[in-house]
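Inside the fold
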Amino acid sequence: MKRNYTLIFLCFILSTLIACSNTKTVNNNTETTTKTVTSVPQFNADSAYQYVKAQVDFGPRVPNTQAHVDCGNYLADKLAEFGAKVTSQYVDLPAYNGTLLKARNIIGSYKPETKKRIALFSHWDSRPWADEDPDTKKHYTPILGANDGASGVGVLLEIARLLQAQQPELGIDIIFVDAEDYGAHSAYNGPRKEEYWALGSQYWARNPHVQGYNARFGILLDMVGGRNPEFRYEGLSEERAGNVNRKVWKTAKALGFGSYFVQEEGGYVTDDHVFINKYANIPTIDIIPYYPEGSFFEHWHTVKDDMDAIDKGTLQAVGQTVMQVIFSEE
Ligand code: AHN
Ligand code: ZN
């Protein structure tokens, strides 16, 4: 009799243990499944393409023009429509040739009260001159900047649309910087200083929209909508934010975009991230096409940087990768 009780007791303990461990396994599986399947929304390249086109339809977004004012209003309205807290920085910035540019940086913030943040950047102005055009008669014609300008902004607007419905753990700031592309004309004889570029981000990096602003890291998107680009590790990004480069390129490869994101060294590029790293001290990478010949894409700074230069597959590769990266942070 006594032995039977002991046996029943032992069976009870054993079955409880099995039941407990089973429950635990099931819960773990459920958790893992939920996380991988539902947590990263699907980036829609058709939608991003429409946002690129909407900008290009205003015409060249050159500072001190009506198209620039109108497009700035459109961008701020879209961010607000997508549920971001919108801040505009209006500032007059002197260009290399003395022209005073009426610039506007536009920031859309998600979870503005959250301390842990990620900053996503793209310039929204377009170059006043097609000074790389094969036809020298076009060298003073303003460009549409479908790829050089509108593509990065289009990708970020699509991300904003998705964030409206579902947000990652960290706060996200979408930062449209102005007056990036007013760097010295190719015919200019004076010194070619890097500070002539990226005027809007220089201002933002010294005067962020929130006092004492900081972010875990930053990602700059520049010319991310062209045909067959090869994104490589840009030099300064590698020095200042090498871990962010690995994270992004590894994520892209895992998503099947390894042909766009090539895990090789690229050259150094003067771009917005230089000043964001320097003045705001946020480790920021630049996703920008690598071109050994020194042109970022076939129609760079030419009148052909129009909607025909845009490839939805590229927008998809960059957009889905950035989504996966921002949703993977905790
Ligand atoms: C150089 O031309 C070396 N940097 C300019 C970066 C740029 C121009 N990004 C867009 N347009
Ligand atoms: Zn440019």
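I will try to describe carefully the structure that is included in this document. (Residues numbered from 1 in each chain as written. Chains lettered and ligands numbered in written order. Predicted model: local features only at pLDDT ≥ 70, side-chain atom pairs only at ≥ 80, totals over all residues. Heavy atoms only, no water.)

1. Concerning the coordination of the zinc ion (ligand 2)
Taken together, the protein donors to the zinc ion (ligand 2) comprise Asp148 (OD), Asp181 (OD), Asp181 (OD) and His301 (NE2), at separations of 1.9 to 2.5 Å. Donor residues for the zinc ion (ligand 2) sit on one chain with the sequence pattern D-x32-D-x119-H. Residue aspartate 148 is found in helix 4 (residues 146-165), and its partner histidine 301 is found in the loop between strand 8 (284-287) and helix 8 (312-328); the two are separated by 153 residues along the sequence. Here aspartate 148 matches histidine 301 in class, with each residue buried. (Donors = N, O, S within 2.8 Å, 3.2 Å for Na, K, Ca; no water. Helix = DSSP H or I, 4+ residues; strand = E, 2+ residues; numbered from the N terminus. Buried < 20%, exposed > 50% of the residue type's maximum accessible area, 1.4 Å probe, protein only.)

2. A few points about the pairing of strand 8
Burial of the side chains of strand 8 extends over both faces: Thr284 and Asp286 are buried on one face and Ile285 and Ile287 on the other. Bridge count for strand 5 (residues 217-221) against strand 8 is 4 bridges, and the pairing is parallel. Bridging from a neighbouring strand, glycine 218 pairs with threonine 284 of strand 8. (Pairing = 2+ DSSP bridges.)

3. Focus: the pairing of strand 7 (residues 261-265)
Pairing of strand 6 (residues 231-233) with strand 7 involves 2 bridges; the strand directions are parallel. When the bridges of strand 7 are listed, phenylalanine 231 appears paired with phenylalanine 261. Taking the sense of rotation as the criterion, the β-α-β connection linking strand 6, helix 6 (residues 235-254) and strand 7 turns out right-handed. (Right-handed = clockwise from strand over helix to strand, strands pointing away.)

4. Things to note about unusual backbone geometry
Here alanine 198, not a glycine, exhibits a phi torsion of approximately 55°, which is positive. The topology assignment puts alanine 198 in the loop between strand 4 (171-177) and helix 5 (199-206). Taking relative accessible area as the criterion, alanine 198 reaches 0% and is therefore assigned buried. In this structure, histidine 301 takes a positive phi of about 55° despite not being glycine.

5. A closer look at the sheet that holds strand 3 (residues 117-123)
The 6 strands lie next to each other as 1-2-4-3-5-8, forming an open sheet whose pairing is mixed. Each of the sheet's edge strands pairs with one partner strand only, and the pair in question is strand 1 (85-94) and strand 8. Neighbouring strand axes in the sheet, compared pairwise and without regard to direction, differ in orientation by 20° on average. The pairing of strand 2 (residues 100-110) with strand 4 spans 5 bridges and is antiparallel. Paired with glycine 108 across the strands is isoleucine 174, a residue of strand 4. Running over the sheet, helix 5 touches strand 1, strand 2, strand 3 and strand 4 and is turned about 115° from strand 1. (Axes fitted to C-alpha atoms, helices over the stretch in contact; angles between N-to-C directions. Contact = heavy atoms within 4.5 Å.)

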